[in-house]
Amino acid sequence: MIIALIEHDRGKLNESSLEMLTLGRGLGLPLHAVLIGEAARPLADRAAAFGAATVHVVQHERLAEYAPEAWAQCVVELIESLKPEAVLASGTDRGNEVMAHVAAQTRLPMAANCIEIKLGNPCVVTRARWGGSLLEEARLNGSTHLLTVAPLAVEAVESPARSPTINTVTPTLDDKVFRVRVSGRVEAGAGKISLAEARVVVGGGRGVGSAEGFKPLEELAELMGGAVGCSRAVTSLGWRPHAEQVGQTGTRIAPDLYIACGVSGATQHLIGARGSKHILAINTDADAPIVAAADYAIIGDLHEVIPALCAEVKKAMA
Amino acid sequence: MNILVCIKRIPATGGKVSLTADEQEIDTRHLGFTVSPHEECAVEEAVRLIEANGGSSAVLTLGAEVSTEQLRDAMAMGIDRAILLETDGREWDAGSTAAAIVEAVRADGMNFDLLLFGNEAADTGDYQVGIRVAHALGLPCVTGIKSLEIKGGGAVAKREASGGWDIFEIPLPAVVTVKEGINLPRYPSFQGRLKAKKKDIARAKPQWNGNQMEKARLKIPKEQEHQVEILGNGPGAAPKAVEVFQKLGLFQK
């Protein structure tokens, strides 16, 4: 059997979990989903629609807010009672964090960001290194294999829906596992489109030339209902906040269109942009790596091209 | 307060990389070396916290003798002293790396209030060394932190979450793994470099007990074949670009 930890925030599903379930149901063993906290119970049907035959809902009065060690403790208890061949989670901030706590507590090996899994002993995985620009084939030994699935590596596909068996479990959680928990939040600014979820991203690199140079990019992003992004060079120069960085050490974006303006296309930036369905590069250098990685390119000075684009977009939308 | 920062020497890759013939490593014959960006920020954060609160800082790495280069870089930024856990250069997995760090922390005798790590190493991307160290030492751990404030006997740490922030209040001592963006690391001064060059580096040779996760080989992912369509040169290409936007359905609400 495989246990799949579904990631959610106060009942709101993280869609990466559906990719993880899609991969997990193809591994040849019964798939059991785990939902932590009562707020997640309504997600049982979604988990079933993506392949979970059984759903374990973990019920405890202190699980309303995310607490990584407490979540891990719930998973450890399920490992002890169900003795699964593998535990899966998504390779997100929280998925990797909870799984690492499980690994630390059980002293089992953990492979982060897998894209292919062959169960067995040893379990053979292909996993992302260097943010996915390099792959590693690795072997894991152990009674239970702890694996996270790289986001955007597998497309989430529904399987014929069936109604899942629901099992409610109550874990024993002592105070210690709540030492670290979300104790406050700052919500995203109202009406602001998040970079990770934007349908259009207008990104700027060193070629933008200055902090002020981003004005036309902001205008284009606003016209197209998108978000502004930038390269690591730009955040290192202090032109834009780090929250807007697209890259291995910034945000992974997955828009329908990424317009990359004056971005050279270093590997660590391309890693962050890889989830884009289409890339339009605007660059003075036709030989820049970003142009080779793009679907469309305009060769020219972004300071002339973007205002022209803004004008054309306005015309088209009028 | 006393702070330990753990770093790792990695190749400085910019563009495409190639592998060694045995497919075990990146071919580094033409590459320089650096530390992971998250860890560079961890070093900077430690220096700032000591400047603000007083105390002492140490930097630690597990790796071959050549890793002293990265330890000296950290001391040039303002870290007080360095510890090298010397290996023969083979790759230690996350579990064995964490075990060696735990042993070194216990042997050091200094009571660290804060152990700083990068959220994940840029090369292996294991996402677990800091957490494993925290468990073994019985300490709380927060990961992926982009804002850290020391308050009384504890810390307030913030992590980005869907466009906003999750806030964690934790007691010290603790393990904190940070992400790039928590600060903008300084360039070491010339004087800092000179001072760092003269400092001793404490050394230990941790015992190799084998990896639980075994690297079979590395692979370069296959690039998806695709052609780039040049829409034109300069602003004159704008109408054609907007045609593409329409074709992609970007103007539909």
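Residues numbered from 1 in each chain as written. Chains lettered and ligands numbered in written order. Predicted model: local features only at pLDDT ≥ 70, side-chain atom pairs only at ≥ 80, totals over all residues. Heavy atoms only, no water.

A. Quick peek at the sheet that holds strand S12 (residues 201–204) of chain B. Residues and elements named next belong to chain B. If you walk across this open sheet you meet the seven strands as S7-S11-S6-S1-S4-S5-S12, and the pairing is parallel. Sheet topology places strand S7 (141–145) and S12 at the edges, where each strand pairs with a single neighbour. Sheet twist, expressed as the mean angle between neighbouring strand axes with direction ignored, is 20 degrees. Examined bridge by bridge, strand S6 (residues 114–118) and strand S11 (residues 174–178) share five bridges and lie parallel to one another. Residue Leu 115 lies in a different strand from S11, and its bridge partner there is Val 175. Most of the contacts of helix H3 (residues 94–108) go to strand S5 (residues 81–86), to which it runs at about 135 degrees, and overall it touches strand S1 (2–7), strand S4 (56–63), S5 and S6. (Pairing = 2+ DSSP bridges. Helix = DSSP H or I, 4+ residues; strand = E, 2+ residues; numbered from the N terminus. Axes fitted to C-alpha atoms, helices over the stretch in contact; angles between N-to-C directions. Contact = heavy atoms within 4.5 Å.)

B. Examining the sheet that holds strand S8 (residues 147–151) of chain B more closely. With antiparallel pairing, four strands are arranged side by side in an open sheet as S12(A)-S10(B)-S9(B)-S8(B). Every interior strand has two partners, whereas the edge strands, strand S12 (182–186) of chain A together with S8 of chain B, have only one. Within the sheet, the average angular offset between the axes of one strand and its neighbour, ignoring direction, is 25 degrees. Strands in contact with helix H4 (residues 93–106) of chain A are S12 of chain A together with strand S9 (154–161) and strand S10 (164–171) of chain B; relative to S9(B), the strand with the most contacts, it is inclined by about 130 degrees.

C. Representation of the nonpolar core. With 95 residues, the main nonpolar core has Leu116(B) and Leu148(B) as its most contacted residues. Here this core takes eight residues from helix H3 (residues 68–82) of chain A, the largest share from any one element. If sequence neighbours within four positions are ignored, Leu148(B) has contacts with Glu45(B), Leu49(B), Leu114(B), Leu116(B), Ala155(B), Val156(B), Ala157(B), Val176(B) and Ile182(B). Within the second largest apolar cluster, 36 residues are counted, among which are Leu220(A), Cys261(A), Ala238(B) and Ala241(B). (Core = buried A, V, L, I, M, F, W, Y, C linked by side-chain atoms within 4.5 Å. Buried < 20%, exposed > 50% of the residue type's maximum accessible area, 1.4 Å probe, protein only.)

D. How the structure looks around the packing of H3(A) against H4(A). Residues and elements named next belong to chain A. At a closest axis distance of 8 Å, the pairing of H3 and H4 adopts a crossing angle of 55 degrees. By the angle between their axes, H3 is oblique relative to H4. For H3 against H4, the interelement crossing comes out right-handed. Residues Pro 68, Glu 69, Trp 71, Ala 72, Gln 73, Val 75, Val 76 and Ile 79 of H3 pack against Glu 97, Val 98, His 101, Val 102, Gln 105 and Thr 106 of H4. Tallied by class, residues from the contact of H3 with H4 come to eight nonpolar, four polar and two charged. (Parallel < 35°, antiparallel > 145°, perpendicular 65-115°, else oblique. Left-handed = near helix turned anticlockwise from the far one by under 90°. Nonpolar A, V, L, I, M, F, W, Y, C, P; charged D, E, K, R; others polar.)

E. View of the packing of aromatic side chains. Taken as a whole, this structure holds three aromatic pairs over all chains when the rule is applied. When the ring of Tyr66(A) is compared with that of Trp71(A), the centres are 5.2 Å apart and the planes differ by 75 degrees; the resulting orientation is edge-to-face. For Tyr66(A), a relative accessible area of 2% puts it in the buried group. Overall, Trp71(A) belongs to the buried group, its relative accessible area being 4%. Seen in terms of ring centroids, Trp92(B) and Trp208(B) are 5.1 Å apart; in terms of plane orientation they differ by 65 degrees. Their pairing is edge-to-face. With Trp92(B) in the loop between S5 and H3 and Trp208(B) in the loop between S12 and strand S13 (213–219), the pair connects residues that are 116 residues apart, well separated along the chain. With relative accessibility at 29%, the residue Trp208(B) sits in the partly exposed group. The ring of Phe178(A) is capped by Arg62(A), whose NZ or CZ atom sits 4.2 Å from the centre of that ring. A cation over a ring is seen here: Arg9(B) above Phe33(B), with NZ or CZ 3.9 Å from the ring centre. (Phe/Tyr/Trp six-rings, centres within 6.5 Å; stacked < 30°, edge-to-face > 60°. Lys NZ or Arg CZ within 6 Å of the ring centre and 35° of its normal.)

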